Amino acid sequence: MKTYYCDLEISLEVIGGKWKGLILYHLIKGPKRTSELKKLVQSISQKMLIQTLRELETDGLIHRETYKQVPPKVEYSTTELGQSLEPMLRALCSWGGDYAEKTFSEGEYQILSVE
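Counting starts from 1 at the beginning of each chain's written sequence and moves along it residue by residue. Under the rules for a predicted model, residues below a pLDDT of 70 receive no local features and side-chain atom pairs below 80 are neither given nor counted, while totals for whole chains, interfaces and linings still include all residues. As a convention, hydrogens and water are excluded, and side-chain values are obtained from all of the structure's heavy atoms.

Observations regarding the pairing of strand 3 (residues 73–78)
Going by this rule: At least two bridges found by DSSP between two strands are what make those strands a pair. The helix and strand labels rest on DSSP assignments: H or I over at least four residues marks a helix, E over at least two residues marks a strand, and numbering proceeds from the N terminus.
Both strand 1 (residues 32–33) and strand 3 contribute to a ladder of 2 bridges, which runs antiparallel. What sits directly across from R33, in strand 3, is E75. Pairing analysis gives 6 bridges linking strand 2 (residues 62–67) to strand 3, with the strands arranged antiparallel. Paired with E65 across the two strands is E75, which belongs to strand 3.

Regarding the pattern of salt bridges
For the record, the criterion: The salt bridge criterion pairs a side-chain nitrogen of Lys or Arg with a carboxyl oxygen of Asp or Glu, the two atoms within 4 Å. Each residue's exposure class comes from its accessible area (1.4 Å probe, protein chains only) as a fraction of the maximum for that residue type: buried when under 20%, exposed when over 50%, partly exposed otherwise.
Under the counting rule described, the total for this entry stands at 3 salt bridges. K20 is the salt-bridge partner of E55, the closest N and O atoms lying 3.3 Å from each other. You can see E55 sitting in helix 4 (residues 46–58) and its partner K20 sitting in helix 2 (residues 20–28), a full 35 residues away along the chain. Taking relative accessible area as the criterion, E55 reaches 31% and is therefore assigned partly exposed.

Things to note about the sheet that holds strand 1
What counts is decided by this rule: We call two residues contacting when some pair of their heavy atoms lies within 4.5 Å. Axes, fitted as lines to C-alpha atoms, cover a helix only where it is in contact. Angles between the N-to-C directions of the axes lie from 0 to 180 degrees.
With antiparallel pairing, the 3 strands of this open sheet are ordered in space as 1-3-2. The open sheet is flanked by strand 1 and strand 2, the only strands paired with a single partner. Strands in contact with helix 2 are strand 1, strand 2 and strand 3; relative to strand 3, the strand with the most contacts, it is inclined by about 95°.

Side note on the nonpolar core
Cut-off, in case you're wondering: In this description, a nonpolar core means a group of buried Ala, Val, Leu, Ile, Met, Phe, Trp, Tyr and Cys residues linked to one another through side-chain atoms lying within 4.5 Å.
Counting 19 residues, the largest nonpolar core has I23, L24, L27, L53, I62 and Y76 as its most contacted members. At the level of elements, helix 2, helix 3 (34–40), helix 4 and strand 3 are the ones that each hand at least two residues to this core. Examining the composition of this core, we find that 4 residues originate from one element, helix 2, more than from any other. Excluding residues that lie within four positions of it along the chain, L53 makes contacts with I23, L27, L37, I62 and Y76.

See below:
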């Protein structure tokens, strides 16, 4: 039996880390292939992307669909459980923007849209 001391510990175990939130953010917008995710999360290595996708799939937040064709096609999408994170991820995006405006001087940061 695993012991947690607050609900936040459970949440961070499932969606914590550098990449999970970003990947979920992009998948909530719609299904993506591995190569599309790699372009959207540019600084992640291929190995880390695959590992993170596997963890999210194991935790029931995303679904992996394999199409039997040549070349093979794999597509990832959020499950209902993963989709339930959308309000929280939107709130984090909003908070991040507010934080940047209050903390950084003008010209110290930029947000590039890769979509």
